[in-house]
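Coordinate analysis (summary)
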Amino acid sequence: AATIQARSRLGGEEYLSHVDMTQNVALMSVRKLLILSGNGEEVLLLPYKMITKVETHEGADRYSVKIYLKEPKPDGTDYEEVMCPNLEIADLLQKELSNVLS
């Protein structure tokens, strides 16, 4: 994870944690969250200062982590939703992000 982080837009920032989400990987530095696809493309990049809270959501065969933002996006939504393959990974991502934010 540290090698991937060095080659990404987080290069140079201190590595804190990561979560392998099967198809994607979430990398957490001291300032930002970066989610990369399996082929290394940036899916989401958020500075922590934009995040207010993080919650796990469970639906009909759907698991996600909602990352609530301080300001709404241009489309009016006030969160980013990160899909996870199962509840265990969603809970792990939520826990790691909450730890980094506290």
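Definitions and cut-offs
- Residues numbered from 1 in each chain as written.
- Predicted model: local features only at pLDDT ≥ 70, side-chain atom pairs only at ≥ 80, totals over all residues.
- Heavy atoms only, no water.
- Pairing = 2+ DSSP bridges.
- Helix = DSSP H or I, 4+ residues; strand = E, 2+ residues; numbered from the N terminus.
- Axes fitted to C-alpha atoms, helices over the stretch in contact; angles between N-to-C directions.
- Contact = heavy atoms within 4.5 Å.
- Phe/Tyr/Trp six-rings, centres within 6.5 Å; stacked < 30°, edge-to-face > 60°.
- Buried < 20%, exposed > 50% of the residue type's maximum accessible area, 1.4 Å probe, protein only.
- Core = buried A, V, L, I, M, F, W, Y, C linked by side-chain atoms within 4.5 Å.
- Salt bridge = Lys/Arg side-chain N within 4 Å of Asp/Glu carboxyl O.

**Things to note about the sheet that holds strand 4 (residues 42-47)**
If you walk across this open sheet you meet the 4 strands as 1-2-3-4, and the pairing is antiparallel. The sheet is open, and its two borders are formed by strand 1 (15-20) and strand 4, each paired with just one other strand. Across this sheet, the average inter-strand angle for adjacent strands is 15°, counted without regard to direction. Direction of pairing for strand 3 (residues 32-37) relative to strand 4: antiparallel, over a ladder of 5 bridges. Following the sheet pairing, Leu-33 is matched in strand 4 by Leu-46. Contacting strand 1, strand 2 (24-29) and strand 3, helix 2 (residues 87-101) runs over the sheet at an angle of about 170° to strand 1.

**Brief notes about the packing of aromatic side chains**
Enumeration according to the criterion identifies 1 aromatic pair in this entry. Judged by centre distance (5.9 Å) and plane angle (55°), the ring pair of Tyr-68 and Tyr-79 falls under tilted. With Tyr-68 in strand 6 (residues 62-69) and Tyr-79 in strand 7 (residues 79-84), this residue pair connects regions lying 11 residues apart in the sequence. A residue is classified by how much of its surface remains accessible, and Tyr-68, at 14% relative accessible area, is buried. A residue is classified by how much of its surface remains accessible, and Tyr-79, at 24% relative accessible area, is partly exposed.

**Regarding the nonpolar core**
In this structure, Met-21, Ala-26, Met-28, Leu-33, Ile-67, Leu-93 and Leu-97 are the most contacted members of the largest nonpolar core, which totals 22 residues. Among the secondary structure elements, those contributing two or more residues to this core are strand 2, strand 3, strand 4, strand 5 (51-59), strand 6, strand 7 and helix 2. Sorting elements by how many residues they give to this core places helix 2 first, with 5 residues. In this view, Ala-26 contacts Ser-17, His-18, Val-19, Met-21, Leu-33, Leu-34, Ile-35 and Leu-93; residues no more than four positions away in its chain are not counted. By size, the runner-up hydrophobic cluster in this structure holds 5 residues, among which are Val-25, Leu-27, Leu-34 and Leu-36.

**Regarding the pattern of salt bridges**
Per the stated rule, a full pass over the model turns up 3 salt bridges. Close ionic contact of Lys-53 with Glu-55 constitutes a salt bridge, the shortest N to O distance being 3.4 Å. For Glu-55, a relative accessible area of 28% translates into the label partly exposed. Linking Glu-80 and Lys-73 is a salt bridge whose minimum nitrogen-to-oxygen distance equals 3.6 Å. Under the relative-accessibility criterion, Lys-73 is labelled partly exposed at 24%.

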